[in-house]
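One-letter residues, chain by chain:
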Amino acid sequence: MRLVAVLLLLATALASAQELPAGPGRDAVMKRCLACHEIDLIVQQRLSTPGWTREVDKMVRWGAVVEPGEREPMIGYLSRHFGVRPAASRPSPADNVEATYKRACLGCHEGDIIEGQRLPRAGWTRTVEKMIRWGAAVDDSEKSSLVDYLAGRFPVR
Ligand code: HEC
Ligand code: HEC
């Protein structure tokens, strides 16, 4: 019985390991990130580079051991392979600014934190750019229509 259990565990570990594509940084992820949870928790995420940076740092706060030299390759690896999905699958920006807003702006916080703001267009531009730096998935073609939308809905009173 013991042996069967060990073999099953080993098989699961191998199957999980195969889900990770080859590339620099993979070894660090394998070594450092699978101690507490399965790989599926990681591969199902789609995060930008700032998003993965925050995620890795959060895991370190939660107890993951990451050597200084491993952090950058690890974040690079995660962003390359499990980055935000390409823009091609998104609806066209002009017709769907509301969809863009919901997709890009309501992932990390509720709408109330946004809707409580009253900003001029320049202020909304700065906010959107800040959120992009923090990980919001807004591409260049969507940015200005999103700013117009926000400035129109939440203008200075
Ligand atoms: C010390 C234990 C530990 C280690 C090591 C660890 N994690 Fe986690 N991780 C957790 C816990 C606890 C959760 C909470 C969620 C759960 O289990 O459902 C979590 C959740 C996650 C999630 C899901 C999103 C979230 O924030 O809840 C991702 C993505 C993730 N970890 C990535 C990583 C990466 C990348 C590494 C390697 C740098 C790593 N983890 C190493 C404990 C750990
Ligand atoms: C990757 C996560 C993330 C996404 C996506 C995101 N935000 Fe934020 N946003 C934050 C964080 C973190 C804060 C800090 C405040 C907090 O949660 O208390 C914040 C705060 C804000 C605030 C409050 C004022 C401020 O500057 O702190 C506004 C307004 C805002 N976000 C607007 C937006 C808009 C508009 C979008 C879509 C373009 C967006 N956010 C998408 C993470 C995000």
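Residues numbered from 1 in each chain as written. Chains lettered and ligands numbered in written order. Predicted model: local features only at pLDDT ≥ 70, side-chain atom pairs only at ≥ 80, totals over all residues.

Draft legend 1. Region of the structure containing the site of ligand 2. Around ligand 2 sit 18 residues, and of these C105, C108, M131, G135 and A136 come closest. Only helix 6 (97-105), helix 7 (112-115) and helix 8 (121-134) provide two or more residues apiece to the shell around ligand 2. The element that contributes the greatest number of residues to the shell around ligand 2 is helix 8, accounting for 5 residues. Counted by class, the shell around ligand 2 contains 11 nonpolar, 6 polar and 1 charged residues. (Near = placed C-beta within 6 Å. Helix = DSSP H or I, 4+ residues; strand = E, 2+ residues; numbered from the N terminus. Nonpolar A, V, L, I, M, F, W, Y, C, P; charged D, E, K, R; others polar.)

Draft legend 2. Quick peek at the nonpolar core. Counting 13 residues, the largest nonpolar core has V29, W52, M74, I75 and L78 as the members making the most contacts within it. Among the secondary structure elements, those contributing two or more residues to this core are helix 2 (26-32), helix 4 (49-61) and helix 5 (68-81). Examining the composition of this core, we find that 4 residues originate from one element, helix 5, more than from any other. Apart from residues no more than four positions distant in its own chain, L78 is found in contact with V29 and W52. If you look at the next biggest cluster of nonpolar residues, it comprises 10 residues, including A104, C105, L146 and V147. (Core = buried A, V, L, I, M, F, W, Y, C linked by C-beta atoms within 7 Å. Buried ≥ 20, exposed ≤ 12 C-beta atoms within 10 Å, placed from the backbone. Contact = placed C-beta atoms within 7 Å.)

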